[in-house]
Amino acid sequence: MRSTFAGLNTMVRGVFSNQLSLDTVGHNITNASTEGYSRQKVNLAATRGQNVSSLYGQVVVGTGVDSMSIERARNVYADKQYWQETSTQQYYKTTQVNYDKIEAVFDDSDKTGIRHAMDEFYNAWHDLQTNASTASARVAVIEKGNILSDKLKTAGEQLQTQINAQYDDMKTTVDKVNQTTEKIVLLNKNIMQQEATGGTANDLRDQRDLLVDELSKYMNLNVYEDDKGMYSIVSNGISMVGGVNRLTLEMSDPVNNADYGINDYVINIKESGVAFVPQNGALRAQQDTIAEDKAYLDKVANMAGFLLTTFNNMHQQGAGINGTDTNIGTFLTDANGNLMDAAGTSAYTGPAYGLNFYGDDNTVYEWDSTNNCVKATNYQAGTVVRSISAVSSATSTVNIDIKGKVASTDNLKGINIIKALTVNSQISATSGQNLIAARTLSVEEDTTSTGALAGTYSVKPNGTKDGTNAVNIAALINMSKDEAVKYNTAIIKNNGSPVSTKDRSTDKDSLNAYYIAAMSQLGSDAESIKDKESAQEDLITQIVNWRSSTAGVDWNEELTNMITFQKGYSACSRCLTTMDEMLDKLINSTGTVGR
């Protein structure tokens, strides 16, 4: 038989349920601006009915409502897609920032960059070809040559700084990853403990998902939840978080990279020592951008290599306007850089030839295409001898041989090529402009004292106003490899072995074309990444809206719910009061005999 007071319990359950729902609405409203918060709602269900006898048998009478759980509104599929696409977005974003920095290194919008310096250097040589004997034109070549080498060195140093900054950012990112995984493990423990009694740790789960959002910026990841409510996070096949356990990332010890003048680092897993290579996210972008920066440093080095090898080779084929043309012959350079006769006992009085414009004058530079480096043969100071081979006919090729006692042979790569790019100290010294080889050497038939042809031939420099070699050098900046070979007027030999003019660091391109191609590629790549980042940003916006449509707090909806639960609470309270009055009437005002 149904209890007389059963209705009171029904109303009490209604009051409690509406009150809990109102409390949850308040929780939603106060956390509407909390990052990562997911809207919560109370799941209500009718309580078990009670059998009551009726005219036609048993009927079931409802006993009210009760709360089953408080659940958060969350779309797990939107979360997984967000985590996947966020790592891609951060990859593009980090890469785009790096491209912006590279473009700043090569920016020539205010005519202070490499391109402008290269044009000015070309113009200086172009002017010298018509004013070969003018001191001011020769000094201008030296000044513009110094400016170009300084611009290339500055670009190399800025790229070095950029690489080091990327490694510093990588260290910071690794620290953030470790801090994030540590917090996720702690939340895994707390969620497991709190939900062990059957409840749902909604707010802790929100905090954990927010941390996963943060972690997805740094690396690609897959998230799995076990039956205890704990997350396992896997990146590139490696379990970064597994319940209450995690792996720690660390930067390796510095590895000196002499080619780039920096220290390289690798990301390792501390517990196993295995290298960690993410497939996406900011960490992968930082690794890729370091490689990209090195590639552009190599491009700058290739330009410097062109000037040390191909450009120097053309300069060595000409002669300066110092000395007396009739005294051309073999000479050596003493330890102090003075030009001495072959015996080394007195000053050399002929015109200089076979000199480097860039680099150390005691060094012969050749491009080694096999090892992609500049081979520098360094001679001991004071032992370098330059000589011109005898010729037998007017069509003979001029051979200039540079010999000496080899001190060392270096293979220059990367930043070391750029560092070697300095105008020859002899040329940049006082009156050194006269050593600039603007004129060419030619084969002429000797004459007797009577002016008759002698039938013998000698190598002689053209007149002091000749600028033919300056023409060749200026044109070389804009010549392809195949075209430049046609302008060679002499063969340079390094200890008797011809220096190859077929190989060059800029491949078949001219110096100018090589730089333009590199900058065009930079602009194209930067624009492509910018477009990809913009498209990815739009996709992320859609996913965020998708998540928000489920998990976000809607003020209108919450205020509507607040009114609904308030009315429900009031109605249950009023009904409870009415029942109480009925029972009071029943208990206190009925059943008294004789009244």
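Residues numbered from 1 in each chain as written. Predicted model: local features only at pLDDT ≥ 70, side-chain atom pairs only at ≥ 80, totals over all residues. Heavy atoms only, no water.

Draft legend 1. The overall build of the protein chain, seen in detail. Of regular secondary structure, the protein chain possesses 12 helices and 24 strands. Taking 25 Å as the expected radius of gyration for a compact globule of 595 residues, we find that the protein chain reaches 42 Å, considerably beyond that expectation. Once the C-alpha set of the protein chain is aligned to its principal axes, its extents read approximately 175 × 45 × 40 Å. A fraction of 71% describes how many contacts in the protein chain between residues 6 or more apart in sequence connect residues 24 or more apart. Of the accessible surface of the protein chain, which amounts to about 28,500 Å², a share of 49% is contributed by carbon and sulfur atoms. Of the side chains in the protein chain, 51 bear a positive and 69 a negative charge, and the two mean positions are spaced by 5 Å. (Helix = DSSP H or I, 4+ residues; strand = E, 2+ residues; numbered from the N terminus. Rg over C-alpha atoms; globule rule 2.2 N^0.38 Å. Contact = heavy atoms within 4.5 Å. Areas by Shrake-Rupley, 256 points an atom, 1.4 Å probe, with all protein chains shown as cover. Lys, Arg positive; Asp, Glu negative; His and termini not counted. Charge placed at Lys NZ, Arg CZ, Asp CG, Glu CD.)

Draft legend 2. How the structure looks around the pairing of strand 21 (residues 439-447). Pairing of strand 13 (residues 318-319) with strand 21 involves 2 bridges; the strand directions are antiparallel. Residue pairing for strand 21: glycine 318 is matched across the bridge by threonine 440. Joining the antiparallel neighbours strand 21 and strand 22 (residues 453-461) is a turn of 5 residues, in which glycine 451 adopts a positive phi near 95°. (Pairing = 2+ DSSP bridges.)

Draft legend 3. Region of interest: helix 3 (residues 114-130). For helix 3, spanning 17 residues, the distance from its first C-alpha to its last is 25 Å, which sits close to the expected 24 Å at 1.5 Å a residue. When helix 3 is considered as a whole, its buried residues turn out to be Ile114, Ala117, Met118, Phe121, Ala124, Trp125 and Leu128. The arc enclosing the buried residues of helix 3, seen along the axis, measures out at 120°, which places them on a common side. In this structure, the buried residues of helix 3 make contact with helix 4 (135-195), helix 6 (281-316), helix 9 (468-476) and helix 11 (511-551). (Expected span 1.5 Å × (residues − 1). Buried < 20%, exposed > 50% of the residue type's maximum accessible area, 1.4 Å probe, protein only. Arc of directions from axis to C-beta.)

Draft legend 4. Unusual backbone geometry, seen in detail. Of note in the backbone geometry, asparagine 236 takes a positive phi value of approximately 55° without being a glycine. Asparagine 236 sits in the partly exposed class, given a relative accessible area of 35%. Positive phi values are uncommon outside glycine, yet asparagine 372 reaches one of about 55°. Relative accessible area serves as the criterion here: at 48%, asparagine 372 is assigned to the partly exposed category.

Draft legend 5. Region of interest: the pattern of salt bridges. Under the defined criterion, the tally for this structure stands at 18 salt bridges. Across the salt bridge formed by glutamate 195 and arginine 205, the nearest N and O atoms sit 2.8 Å from each other. Here arginine 205 lies in helix 5 (residues 202-215) and glutamate 195 lies in helix 4, a separation of 10 residues in the sequence. When sorted by exposure, glutamate 195 lands in the same class as arginine 205, which is buried. (Salt bridge = Lys/Arg side-chain N within 4 Å of Asp/Glu carboxyl O.)

Draft legend 6. Here's a closer look at the UniProt feature "domain: Flagellar hook-associated protein FlgK helical" (unreviewed entry) in the protein chain. As annotated by UniProt and renumbered to match this structure, "domain: Flagellar hook-associated protein FlgK helical" (unreviewed entry) occupies residues 100-324. Measuring from the first to the last C-alpha atom of residues 100-324 gives 54 Å, for a span that is 60% helix and 13% strand. (UniProt positions renumbered as here; feature names shortened; annotations may be inferred.)

Draft legend 7. Representation of the UniProt feature "domain: Flagellar basal-body/hook protein C-terminal" (unreviewed entry) in the protein chain. According to UniProt, the positions carrying the feature "domain: Flagellar basal-body/hook protein C-terminal" (unreviewed entry) are residues 550-588. Secondary structure over residues 550-588 splits into 92% helix and 0% strand, and the C-alpha atoms at its two ends are 54 Å apart.

Draft legend 8. Structural view of the nonpolar core. In this structure, Phe106, Trp125, Leu249, Phe311, Phe357 and Tyr358 are the most contacted members of the largest nonpolar core, which totals 124 residues. Among the elements that make up this core, the one with the highest residue count is helix 4 (16 residues). Sequence-distant contacts of phenylalanine 311, that is, excluding residues within four places in its chain, are made with Phe121, Trp125, Phe306, Phe357, Tyr358, Ile473 and Leu476. (Core = buried A, V, L, I, M, F, W, Y, C linked by side-chain atoms within 4.5 Å.)

Draft legend 9. Focus on the sheet that holds strand 22. Taken together, the 3 strands give an open sheet; going across it, the order is 13-21-22, and neighbouring strands pair in antiparallel fashion. Where the open sheet ends on each side, the last strands, each with one partner, are strand 13 and strand 22.

Draft legend 10. Region of interest: a nonpolar patch on the surface. Taken together, the side chains of Trp555, Leu559, Met562 and Ile563 present a nonpolar region at the surface, about 360 Å² in accessible area. Relative to the elements of secondary structure, methionine 562 occurs in helix 12 (residues 555-589). Residue class for methionine 562 comes out partly exposed when judged on its relative accessible area of 32%. (Patch = residues over 30% accessible without salt bridge, like charges linked within 9 Å, V, L, I, M, F, W, Y side chains within 5 Å.)

Draft legend 11. Spotlight on a negative patch on the surface. On the surface, Asp100, Glu103, Asp107, Asp110, Glu527 and Asp531 cluster together to form a negatively charged patch. Of all the secondary structure elements, the ones that give two or more residues to the negative patch are helix 2 (76-105) and helix 11.

Draft legend 12. Spatial organisation of the packing of helix 3 against helix 6. Put simply, helix 3 and helix 6 touch, their axes get as near as 15 Å, and they point 5° apart. Between helix 3 and helix 6, the crossing angle belongs to the class labelled roughly parallel. Of the residues in helix 6, those in contact with Ile114, Met118, Phe121 and Trp125 of helix 3 are Met303, Phe311 and His315. Partitioned by chemical class, the residues of the contact of helix 3 with helix 6 number 6 nonpolar, 1 polar and no charged. (Axes fitted to C-alpha atoms, helices over the stretch in contact; angles between N-to-C directions. Parallel < 35°, antiparallel > 145°, perpendicular 65-115°, else oblique. Nonpolar A, V, L, I, M, F, W, Y, C, P; charged D, E, K, R; others polar.)

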